[in-house]
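Residue-level structural notes
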Amino acid sequence: MTVSQHGMDSELALKTFDRDSPANARMRVDTGIATNSFYGLNGEAEHFIVVQVPQSLGFREQVALLYARYARARKSLGLAADTAVFRRVFVSDVLNQAALIRESGFAGDAADGPVALSIVQQPPLPGAKVALLAHHIESRGPFEKRRLSKHHLLVTKSGVRHLWSTGLCAGADNQPVSAATQTRGVFRDLIGVLTHEGGRLSDNCVRTWIYLKDVDVFYQAMVDTRRELFVEYGLNKDTHWIASTGIEGACAHQCDLVAMDAYSVLDLAPAQMSYLKDLSRLCSTGDYSVTFERGTRVAYADRCHHFISGTASIDRAGRVVHPGDVLGQLKHALGNVQALLQAGSASFSDMMYLIVYLRDPTDFAAVQDFLAHRHPDLPAIVVQGAVCRPQWLVEVEGVAVTPNDQPALPAF
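Residues numbered from 1 in each chain as written. Predicted model: local features only at pLDDT ≥ 70, side-chain atom pairs only at ≥ 80, totals over all residues. Heavy atoms only, no water.

1. A word on the sheet that holds strand β11 (residues 205-212)
Operational definition: We treat two strands as partners when DSSP finds at least two bridges between them. Helix and strand definitions follow DSSP, with helices as H or I runs of at least four residues and strands as E runs of at least two, each counted in order from the N terminus. What counts as an axis is a line fitted to C-alpha atoms, over the stretch in contact for a helix, and the angles between N-to-C directions run from 0 to 180 degrees. Contacts were defined at the residue level, with two residues in contact if any of their heavy atoms lie within 4.5 Å.
As summarised here, the arrangement of the six strands in space is β8-β9-β10-β13-β11-β12, forming an open sheet in which the pairing is mixed. What marks the edges here is a single partner per strand, and that holds for β8 (143-149) and β12 (243-248). Strand-to-strand, the axes of this sheet are offset by a mean angle of 10°, without reference to chain direction. Where β11 meets strand β13 (residues 258-265), seven bridges bridge the pair, whose relative direction is antiparallel. Counted as the bridge partner of Thr208 is Ala262 from β13. Its contacts with the sheet put helix α3 (residues 179-196) on β8, β9 (152-157), β10 (160-169), β11 and β13, and the angle it makes with β13 is roughly 25°. With respect to the sheet, helix α5 (residues 215-232) is in contact with β11 and β12, its orientation differing from that of β11 by roughly 145°.

Following this line, the structure appears as structure tokens:
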């Protein structure tokens, strides 16, 4: 069951609902807050929270308001502080803003327990300095969060371990290092932790987000290095790759060209992970020598997660569709997302949130107007982030959650 809340031009107004009811319920919250929730058959819930703030305030005021709105969203959902597992904060100037974000409470406090925190420079549009995407999990059984290191958080629920890895980077403040070397380094970091926990990159890594300081210049070096590394670790066209977004973005180190977040699931049963394709609409990424899955589906006893990779306006021959037309590209990209979801027995209405990356920030008004009319109840963040081909004006990604009834599979 999904429950949507969306920011309205009104004060906080709530409707009560029965968490164990199969019916959908809708609520309204303050302007700048949008949430989506999924409730499993046993009432255990996942919540996705998007928070945005007006651009008229200074940075410190925006951060304070962002945290206050986030607190109101958690209160409206009845969430305990320690249900937070992941937060991504989008900022406009990471070198000058990351320190305050880390000090603001988004990194977690005594009540929250440890939280995986991603801070990425992708300026929120239409012009704010900061925005938030957060993921919370409510569990009726044992639930543990344990920090393995600064960049890796292990969440154990129902006997299954979920590894959130954030801010993987070279940490290069003074000495430039090549994009190829940095790509190899961030993957080696992830592989080392997976190996220590008894996992493998090929078997357990579900999703990556790769940020490049100048995607037009450094994307190819990342792609070539990733391909070589994947072959080394048993990932190729005859096995599978990993769902991913490779997009312009930056971490808080002056000379870092490549940074990465990743989500992995240890203790997966063999039949749990499958890959989303629709070759009638999108070609294999291998057709143009890029190694990522367009989408990955992870099935549990009562639900399925569908991780949609960064998806642009591409056709089954690998060509850019609607060059120069941002709305035409957005519509086609969303159609591609719908096709991928259908391949996994899901639909666009199952999307929990959407991230929209725009090359040109002046396209924001048209894109926002389209989303407000076509998908008014879907939490969405629009940020400035150039896509890997200059001709692509927009890219989208997100996560869908659907009910499942396979009691033989592990519980989420």
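Let's pick the thread back up.
2. Focus on the packing of helix α1 (residues 59-77) against helix α2 (residues 94-103)
Selection rule: A crossing counts as left-handed when the near helix is turned anticlockwise from the far one by less than a right angle, and as right-handed when that turn is clockwise.
Following both chains from N to C, one finds α1 and α2 inclined at 35°, their axes separated by 11 Å at the closest point. As α1 runs across α2, the sense of the crossing is right-handed. Along the contact surface, α1 presents Phe59, Arg60 and Val63, while α2 presents Gln97, Leu100 and Ile101.

3. Re the layout of surface pockets
As a reminder of what qualifies: Here the term cavity refers to a set of points on a 1 Å grid, laid over the protein atoms alone, in which a 1.4 Å probe fits but cannot get out; the term pocket refers to an open set having protein on both sides within 12 Å along at least five of seven lines, with lining residues being those that place an atom within 4 Å of a point. Grid points are joined across faces, edges and corners, and a volume is the space filled by probe spheres set on the points. Basically, the charged four are Asp, Glu, Lys and Arg, the nonpolar ten are Ala, Val, Leu, Ile, Met, Phe, Trp, Tyr, Cys and Pro, and anything else, Gly included, counts as polar.
By volume, the second largest pocket amounts to about 390 Å³. Arg102, Leu117, His151, Thr166 and Gly167 are the residues nearest the centre of the second largest pocket, which is lined by 23 residues in total. Elements supplying a minimum of two residues to the lining of the second largest pocket: β6 (116-121), β10 and β13. Looking at the lining of the second largest pocket, the element that brings in the most residues is β6, giving five residues. For the lining of the second largest pocket, the class distribution of residues is 14 nonpolar, five polar and four charged.

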